[in-house]
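Breakdown of the fold
So the chains spell out like this:
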Amino acid sequence: METVEDKPWFFQVEPLEGESISHFLGRFRRDNYLTPGELGKLAGIGWVVGRWEKFYLNPFPTRQELEALASIVGVEIERLYQMLPSQGVVMQPKPIRLCAVCYAENPYHRIEWQFKERWRCDRHQLHLLTKCTNCKRPFPIPALWVQGECSHCLLPFARMAKRQKSRRA
Ligand SMILES: [Zn+2]
Ligand SMILES: [Zn+2]
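Just so it is clear, the structure is predicted and the values come from calculations on it, not from any experiment.

Right, let's talk about the side chain of S20 for a bit. For S20, the position within the fold is in the segment before α1 (21-31). A distance of 2.8 Å separates a polar atom in the side chain of S20 from a polar atom in the side chain of H109. When residues no more than four places from it in sequence are discounted, the contact partners of S20 are F55, M83, H109, R110, I111 and P142.

Moving on, we come to the domain arrangement of the protein chain. As a measure of interface size, the accessible area lost when the parts come together is often cited. We note that the domain assignment places domain 1 (21-82) and domain 2 (100-163) within the protein chain. A separation of 23 Å is found between the C-alpha centroids of domain 1 and domain 2. In this assembly, domain 1 packs against domain 2 so that about 820 Å² is buried in total across both faces, 66% of it on carbon and sulfur atoms. Contact with domain 2 buries surface across domain 1, with H23, R30 and F55 losing the most and accounting together for 66% of the total. The interface formed by domain 1 and domain 2 includes zero salt bridges. Viewed at the interface, domain 2 and domain 1 are joined by three residue pairs in polar contact (both at pLDDT 80 or more). Per-element tally for the side of domain 1 that touches domain 2: the top contributor is α1, with five residues. Of the residues belonging to the side of domain 1 that touches domain 2, the class tally is one nonpolar, four polar and four charged.

Parameters at a glance
Residues numbered from 1 in each chain as written. Chains lettered and ligands numbered in written order. Predicted model: local features only at pLDDT ≥ 70, side-chain atom pairs only at ≥ 80, totals over all residues. Heavy atoms only, no water. Helix = DSSP H or I, 4+ residues; strand = E, 2+ residues; numbered from the N terminus. Polar contact = N/O pair within 3.5 Å; in protein donor to acceptor, adjacent residues only side chain to side chain. Contact = heavy atoms within 4.5 Å. Domains from an automatic or database assignment. Buried area = accessible area lost by both parts, 1.4 Å probe. Salt bridge = Lys/Arg side-chain N within 4 Å of Asp/Glu carboxyl O. Nonpolar A, V, L, I, M, F, W, Y, C, P; charged D, E, K, R; others polar.

Right, dumping it as structure tokens:
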């Protein structure tokens, strides 16, 4: 067992299946009242946290950076790698995409929604949404998804499912 006496104690946040790094870091920071800059400082990795939360992953996080982050957030480094695109997968940081049906089942942002070639949800055979179905504003970065609703018109993400089009439509 690793001892934790020598470092500050943080509320642990359990990563979810397929959860994106942005969504996970947002949850961890809120539970621990940390800004992206403060988390980066604690981990000794500078200002990269805010960039990663925007899916700006070029340059890609180094193993040392992820090890430092893993020691603060209390998850295995391999678990952090699962929140990032695997090698060879091109990311599209913008627009933030959403399958509202997935979200209604389990409310969090999946990393695969930001893969460049991924314009639909394979589980539901639906096109991913790229903006609010009501006010047409883009979605905020997943680190800021707290209530799971449009930050402008407050329409819940789960309720956008009925406007989500079939990939065959
Ligand atoms: Zn889905
Ligand atoms: Zn809206």
